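Summary of structural features
What follows is each chain in one-letter form.
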Amino acid sequence: MKVHAKPKMIMTTAMQTPAKLIGETLETLSGAAATFGPNSLAFANPIMAPDITLCGPATFPEGVAATNCCPPSTTKILDFKVPPQANTLRVRPAAHLPNKYNKAVELMKALPEDDPRNFMQQARIHCAYCDGAYDQLGFQDLEFQVHASWLFYPFHRYYVYFFEKICGKLIDDPSFTIPFWNWDAPDGMTIPHLYTNKNSSLYDSLRDAKHQPPSLVDLDYNEVDRNLSPSEQTSTNLNIMYRQMVSTSKTTCDTRQNFICKSQTIL
Ligand SMILES: [Cu+2]
């Protein structure tokens, strides 16, 4: 299965269903999108742990401002303890429906800059693990890259898990869940209002104006605008989703991405 069916604007890699969680404009902030080619897949390539004792400047494409996203160094490691199972089922809302995500991000951005829950601090986590701030343990000069390896799913699961907890805490709603962008349904094929409303904490003026509503997302976008009619674009998108999720899934599971297929069924 192709993990990154590239939309006109990449928002996240945290994929839960054919639709995606939109827990991050973090991905865009960290420059992560630049590390993916149009054919990038989450391979089960071997990878060593990051050497967290050595953190250096992130590697960004030419023209992108230098960013130091190294987290504070520490030797104190806390073991994560799984909290007791909640009694109530938490349901993810579709991003096009009213939700409290922008309020949570507004509060994250209002936190002191050095607060680890601050939005930019959270963005830096992704940057550090995705943009070459670390080398792999025992391999000097071999950059650690959480994407394109078996770590893709575990890393993002935990990343989104804690991000979501911070959001819920800040808005005092333990039942809070990050919305998902249901771009595989015709009614969800525009960028959600949450991101296009200039008063929203999720608004970013750098997003391409040509890709704003009523323009539909192109799930096969390859940095070229195809200018299809709405009905052609909808039909193309649905065909892509069908091909990726249904008709080629058997073949894909027979390849080296087998672990992804299994993960999809059990997560
Ligand atoms: Cu990522």
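How each quantity is defined
- Residues numbered from 1 in each chain as written.
- Predicted model: local features only at pLDDT ≥ 70, side-chain atom pairs only at ≥ 80, totals over all residues.
- Helix = DSSP H or I, 4+ residues; strand = E, 2+ residues; numbered from the N terminus.
- Buried ≥ 20, exposed ≤ 12 C-beta atoms within 10 Å, placed from the backbone.
- Contact = placed C-beta atoms within 7 Å.
- pLDDT = per-residue confidence, 0-100.
- Expected span 1.5 Å × (residues − 1).
- Arc of directions from axis to C-beta.
- Core = buried A, V, L, I, M, F, W, Y, C linked by C-beta atoms within 7 Å.
- Pairing = 2+ DSSP bridges.
- Axes fitted to C-alpha atoms, helices over the stretch in contact; angles between N-to-C directions.
- Parallel < 35°, antiparallel > 145°, perpendicular 65-115°, else oblique.

Next up on the list: the overall build of the protein. Helix and strand content of the protein: eight helices and five strands. The 267 residues of the protein split such that 27% are buried. A fraction of 69% describes how many contacts in the protein between residues 6 or more apart in sequence connect residues 24 or more apart.

Moving on to the confidence of the model for the protein. A low pLDDT means the predicted coordinates there should not be read in detail. Per-residue confidence for the protein gives a mean pLDDT of 79, with 76% of residues at or over 70. Per-element confidence in the protein ranges from a low mean pLDDT of 38 for helix H1 (residues 26-29) to a high of 98 for helix H2 (residues 101-110). Residue range residues 255-259 is modelled with pLDDT below 50. Its contacts to residues more than four positions away, or to other chains, number 10 contacts. Long-range and interchain partners of residues 263-267, a stretch whose pLDDT sits below 50, account for two contacts in this model, where long-range means more than four residues apart.

This part covers helix H3 (residues 119-130). For H3, built from 12 residues, the straight-helix expectation of 16 Å at 1.5 Å per residue is met to within 8% by its first-to-last C-alpha distance of 17 Å. The element H3 is extensively covered by neighbouring structure, given that nine of its 12 residues are classed as buried. Regarding H3, the residues found buried are Phe119, Gln122, Ala123, Arg124, His126, Cys127, Ala128, Tyr129 and Cys130. Looking one or two residues past H3, Gly132 carries a phi angle of roughly 75°, positive in sign.

Attention now moves to H2. Counting along an α-helix, one turn takes 3.6 residues, and residues three or four places apart therefore face a common direction. Considered for burial, the residues of H2 that qualify are Tyr101, Ala104, Val105 and Met108. Seen end-on, H2 carries its buried residues on one side only, within an arc spanning 95°. Against the buried residues of H2 lie H3, helix H4 (152-170) and helix H5 (193-196).

This part covers the nonpolar core. The biggest cluster of nonpolar side chains holds 34 residues, and the ones touching the most others in it are Ala104, Cys127, Ala128, Ala133, Cys167 and Val217. Elements with a contribution of two residues or more to this core: H2, H3, H4, strand S5 (180-181) and H5. In terms of residue count, H3 provides more of this core than any other element does, six residues in total.

On to unusual backbone geometry, then. Residue Pro214 follows Pro213 across a cis peptide bond; omega there is 10°. Relative to the helices and strands, Pro214 is located in the loop between H5 and helix H6 (230-247). Phi angles above zero are rare outside glycine, and Asp172 is one such case at about 55°. In this fold, Asp172 is placed in the loop between H4 and S5.

With respect to the helices and strands, the residue Leu194 is situated in helix H5. Assessed through the 21 C-beta atoms surrounding it within 10 Å, Leu194 is described here as buried. Between the C-alpha atom of Leu194 and that of Lys100, which follows or precedes it by 94 residues, the distance is 9.8 Å. Not counting residues up to four positions away in its chain, the partners in contact with Leu194 are Ala95, Tyr101, Asn102, Ser200 and Leu202.

A few words now on the sheet that holds strand S2 (residues 50-55). Strand order across the open sheet formed by three strands is S2-S3-S4, with antiparallel pairing between neighbours. Lying at the two open borders of the sheet, with one neighbouring strand each, are S2 and strand S4 (139-143). Averaged over all adjacent pairs, the angle separating strand axes in this sheet is 55°, with direction ignored. In this structure, strand S3 (residues 134-136) lies alongside S4, joined through two bridges in antiparallel fashion. Its bridge partner being in S4, Gln136 is matched across the sheet by Phe139.

Let's shift gears to the packing of H2 against H4. Running from amino to carboxyl end, H2 crosses H4 at an angle of 90°, the nearest separation of the two axes being 9 Å. Relative to H4, H2 is oriented roughly perpendicular. Residues Ala104, Leu107 and Met108 of H2 form the contact with H4, whose own contacting residues are Ile166, Cys167 and Leu170.

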